[in-house]
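A structural walkthrough
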Amino acid sequence: MQKILDTLLIGISQGSIYALMSLALVLVWRSTRVVNFAQAGQAVLSTYVGFEIASRTGNFWISLIFAVIAGALIGAAVDVLLMRVLFKHATSGPALVVAPVIATLGLLGLIRSIVGLVWGGEYRSIPAPASKDGFTFGTTTIPFSPLNSVIVAAVALVLIAISILFTRTNLGLALRASAYAPEIARLAGVRTSQTRTIGWAIAGGVGGVAGMLITSYNFLSPYSLDLLLVFGFIAAVVGGLESMVGAVVGAMILGIGLTFILNYVNTSLTFVSGFVVLIIVLLVKPDGLIGSRKGRRA
Amino acid sequence: MSGLVVNRLSVSHGAITALRGVSFSVEPGQLAAVIGSNGAGKTTLLRALSGLKEFDSGTVSWQGREINGIKSEDLVRMGISHVSEGKSVIAELTVRENLVLGGIWRRDKADTEAAIREVVELFPRLGERMKQSADTLSGGERQMLAIGRALVSRPKLLLLDEPSLGLAPLVIEQIFATIDSLRHKLGLTVVLVEQNAMSALEIADIGIIINLGEVVASGNAKDLINDPALRAAYLGY
């Protein structure tokens with residue numbers, strides 16, 4: 001019983017970080033119809049910015065703020081400097097479908113190389129905002145630590161902020177309208193291309209949070225967030241790619257499910273299982289578990 | 001101040017010419033009905049007027065200012081609102097959100113709310129459905145919502161693309177009656193594109209008949225209705 005509870009708690013903590021990456025991918029997908037593989041690169045670069053601040057201040061939260069700002073600026077820059085130019089030239093046909101995705105893959109490689117050149121390949125770490133030692137109750141210590149609870153709380157705050165932004169503000173309405181029906185949005189006076197850039201910035205900032213949280217209990221290297229991208233992508237597909245709620249639910253299912261496999265079946269199956277889930281969902285319910293039109297509304 | 005002046009406008013879709021040297025003008029406060037069969041170029045004309053489609057040649061001016069190359073979102077700020085073909089509402093948003101959307105750019109929440117109240121007064125059925133998503137609406141209600149959204153932008157020139165499309169005759173009658181009373185009440189200039197020639201011409205000041213991308217007849221709407229040759233050739237009865 002204790003083990004089930006432990007596994008569940010760690011799964012929620014894992015899932016909550018996947019949720020951020022998944023959310024970032026969904027935000028970009030809905031607004032631009034691009035699966036942004038560069039998201040991992042953007043997040044890793046933002047996290048290195050956070051690392052630089054952390055090594056000067058020793059404070060996780062200050063570095064987090066800088067990582068978020070960096071992530072937002074990088075996201076906006078990718079849209080303005082790469083996507084806008086690309087969509088200007090590729091307006092129809094196969095180029096429109098393929099070019100942006102290939103471009104994001106290229107950008108992922110490029111950012112990782114640049115990060116490698118600047119910071120080298122060695123593992124870095126940042127100070128954790130809370131203890132990594134599990135909570136102790138009487139004589140038993142559980143694997144779930146204060147750090148895990150900080151992670152879950154931080155992700156919950158980000159999700160609440162994002163959902164308020166999207167459902168309660170005019171900017172959120174403009175973001176949704178531009179994603180669902182760009183032409184009608186323009187006819188209503190929404191500057192859709194600026195709005196889209198804001199969407200990329202939000203996704204970039206969210207990716208920065210994900211990178212910082214993972215790095216707080218892990219190490220940082222130019223490749224350290226690749227696995228997060230893969231799991232974030234799987235979670236987004238499970239959630240139907242269109243829905244932010246779906247992205248979060250998909251990530252939780254994945255985080256909890258993978259942790260159970262890790263603890264109960266076999267450690268080496270975790271990675272494989274993610275892809276098995278992806279393929280099963282694509283075969284059985286390609287719209288995702290919450291990929292209905294209703295899901296899209298959220 | 002002059003209204004809408006379209007001068008020798010040509011527009012093409014790739015190699016296909018959709019509009020060829022179209023010219024007409026609409027005085028402020030007038031309603032112009034653009035009539036023509038499917039594929040005549042009516043929708044292309046409206047898309048060109050609202051900045052969704054680039055021109056090949058010719059000029060369009062609104063209130064004395066050339067609008068060539070100005071984006072749709074900026075034309076809205078100049079008072080041009082386009083209700084595009086097929087009940088242009090955003091199905092994933094609620095009725096209220098669709099209406100609010102029309103006022104976002106003005107950054108005047110109080111006046112947006114006032115404009116929404118006016119729309120609800122005009123279309124009480126929308127008022128009962130404010131929190132429902134737009135895809136739960138009937139065809140007629142969607143058209144009301146699309147027009148309502150445009151009105152929240154407080155337009156001076158309203159471009160309407162086939163508001164009667166796919167609606168029941170009784171609803172069509174209501175929509176046309178509403179357009180007629182609206183434009184008198186708000187002093188709107190209106191360009192109304194329709195296949196439903198008679199209903200459109202009956203509430204119009206001027207009529208423009210387009211066939212295969214060219215203007216084949218234009219003038220006083222009443223005269224067009226009474227011209228036997230035109231009736232036989234283009235108005236379908």
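Cut-offs used in this document
- Residues numbered from 1 in each chain as written.
- Chains lettered and ligands numbered in written order.
- Predicted model: local features only at pLDDT ≥ 70, side-chain atom pairs only at ≥ 80, totals over all residues.
- Helix = DSSP H or I, 4+ residues; strand = E, 2+ residues; numbered from the N terminus.
- Rg over C-alpha atoms; globule rule 2.2 N^0.38 Å.
- Contact = placed C-beta atoms within 7 Å.
- Buried ≥ 20, exposed ≤ 12 C-beta atoms within 10 Å, placed from the backbone.
- Axes fitted to C-alpha atoms, helices over the stretch in contact; angles between N-to-C directions.
- Parallel < 35°, antiparallel > 145°, perpendicular 65-115°, else oblique.
- Left-handed = near helix turned anticlockwise from the far one by under 90°.
- Nonpolar A, V, L, I, M, F, W, Y, C, P; charged D, E, K, R; others polar.
- pLDDT = per-residue confidence, 0-100.
- Core = buried A, V, L, I, M, F, W, Y, C linked by C-beta atoms within 7 Å.
- Pairing = 2+ DSSP bridges.
- Expected span 1.5 Å × (residues − 1).

**Remarks on the overall build of chain A**
Each helix and strand counted, chain A has 12 helices and two strands in total. Listed by position from the N terminus, the elements making up chain A come as α-α-α-α-β-β-α-α-α-α-α-α-α-α. Relative to the compact-globule value of 19 Å for 298 residues, chain A shows a C-alpha radius of gyration of 19 Å, a close match. Each principal axis of the C-alpha distribution contributes one length, and for chain A these read about 65 × 45 × 35 Å. Taking as baseline every contact in chain A between residues at least 6 positions apart, the subset at least 24 positions apart corresponds to 73%.

**Regarding the overall build of chain B**
A tally of regular secondary structure across chain B gives 10 helices and 10 strands. Taking the principal axes of the C-alpha coordinates as reference, chain B spans close to 50 × 40 × 35 Å. The buried share among the 237 residues of chain B stands at 46%. The contacts of chain B with a sequence gap of at least 6 include a subset with a gap of at least 24, amounting to 67%.

**Considering the packing of helix α1 (residues 2–32) of chain A against helix α9 (residues 226–238) of chain A**
Residues and elements named next belong to chain A. Where α1 meets α9, the axes come as close as 8 Å, and the angle between the chain directions of the two elements is 70 degrees. Comparing their axes, α9 and α1 come out roughly perpendicular. Considering the relative orientation of α1 and α9, their crossing is right-handed. Here α1 contributes I17, Y18, A19, M21, S22, L25 and V26 to the contact with α9, which in turn contributes L228, L229, F231, G232, F233, A235 and A236. Residue composition of the contact of α1 with α9, grouped by class: 12 nonpolar, two polar and no charged.

**Brief notes about the environment of L52 of chain B**
Assignment of secondary structure puts L52 of chain B in the loop between α1 (42–49) and β4 (57–62). Between the alpha carbons of L52 of chain B and S72 of chain B there is a distance of 6.1 Å; along the sequence they are 20 residues apart.

**Comments concerning the confidence of the model for chain A**
All names here are of chain A. Predicted confidence across chain A gives a mean pLDDT of 91, with 97% of residues reaching 70 or more. Confidence scores differ between elements of chain A, with helix α12 (residues 293–297) showing the lowest mean pLDDT of 46 and helix α2 (residues 39–57) the highest of 97. Note on residues 293–298: pLDDT under 50 across the span, and 15 contacts to partners over four residues away in sequence or across chains.

**Things to note about the packing of helix α3 (residues 60–89) of chain A against helix α4 (residues 93–119) of chain A**
All names here are of chain A. For the pair α3 and α4, the least separation of the axes is 10 Å and the interaxial angle reads 145 degrees. Relative to α4, the crossing made by α3 is right-handed. Across the interface between the two elements, V78, L82, M83 and L86 from α3 touch A99, P100, A103 and L107 from α4. Among the residues making up the contact of α3 with α4, the classes are represented as eight nonpolar, no polar and no charged.

**Examining unusual backbone geometry**
Residue and element names in this part refer to chain B. Even without glycine at this site, E162 takes up a positive phi of about 45 degrees. Along the chain, the position of E162 falls in the loop between β7 (157–161) and α7 (169–186). Under the C-beta neighbour-count criterion, E162 is labelled buried, with 22 such atoms within 10 Å. Backbone geometry at L212 places phi at a positive 50 degrees, although glycine is not the residue there.

**Considerations on the nonpolar core**
Soluble, globular proteins show a tendency: their nonpolar side chains are buried together. Core analysis: the largest hydrophobic core is formed by 81 residues, its most contacted members being A177 of chain A together with A32, A33, V34, V191 and L192 of chain B. With seven residues, the single largest contributor to this core is helix α6 (residues 139–152) of chain B. Residues contacting A32 of chain B, with those up to four places away along its chain left out, are V26, V190, V191, L192, A204, D205, I206 and I208 of chain B. Grouped together as the second largest cluster of nonpolar side chains are 80 residues, Y18, V26, Y48 and I126 of chain A included.

**Some details on the pairing of strand β2 (residues 16–26) of chain B**
Residues in a regular strand project their side chains so that they alternate between the two faces of the sheet. All names here are of chain B. Bridge count for strand β1 (residues 4–13) against β2 is seven bridges, and the pairing is antiparallel. From the neighbouring strand, V6 faces β2, where its bridge partner is F24. Hairpin connection between β1 and β2: a loop of two residues separates the two successive antiparallel strands, and G14 in this loop has a positive phi of roughly 60 degrees.

**Topic: the sheet that holds β7 of chain B**
All names here are of chain B. In space, the six strands of this open sheet follow the order β6-β7-β8-β3-β9-β10, with mixed pairing throughout. Bordering the open sheet on either side are β6 (80–83) and β10 (214–220), each of which pairs with just one other strand. The sheet shows a mean angle of 15 degrees between the axes of neighbouring strands, direction not considered. Relative to β7, β6 runs parallel, the two being bridged by four bridges. In the strand pairing of β7, H82 is matched with L159.

**Thoughts on the environment of A154 of chain A**
By secondary structure assignment, the location of A154 of chain A is in helix α5 (residues 146–168). Measuring from C-alpha to C-alpha, the distance between A154 of chain A and V209 of chain A comes to 8.8 Å, with 55 residues separating the pair along the chain.

**Digging into α9 of chain A**
Residues and elements named next belong to chain A. An ideal rise of 1.5 Å per residue puts 18 Å on 13 residues; α9 measures up with 19 Å between its terminal C-alpha atoms. Every buried residue of α9 is accounted for by L228, L229, F231, G232, F233, I234, A235, A236, V237 and V238. Considering only its buried residues, α9 is in contact with α1, α2, α8 (192–217), α10 (244–265) and α11 (269–284). G240, located one to two residues past α9, shows a positive phi value of around 95 degrees.

**Things to note about the sheet that holds β4 of chain B**
Residue and element names in this part refer to chain B. Within the open sheet, the four strands sit side by side as β2-β1-β4-β5. Their pairing is antiparallel. What marks the edges here is a single partner per strand, and that holds for β2 and β5 (65–66). For β1 and β4, the ladder comprises five bridges, and the chain directions are antiparallel. Residue S10 lies in a different strand from β4, and its bridge partner there is S57. Across the sheet, α1 touches β1, β2 and β4, and the angle it forms with β2 is around 65 degrees.

**What about the interface of chain B and chain A?**
It is common to give the size of an interface as the accessible area that goes away when the parts come together. In this assembly, 21 residues from chain B lie in contact with 18 residues from chain A. Looking at the side of chain B that touches chain A, the elements with two or more residues in it are α2 (72–77) and α3 (95–101) of chain B. Looking at the side of chain B that touches chain A, the element that brings in the most residues is α2 of chain B, giving four residues. Its residues placed into classes, the side of chain B that touches chain A shows eight nonpolar, eight polar and five charged.

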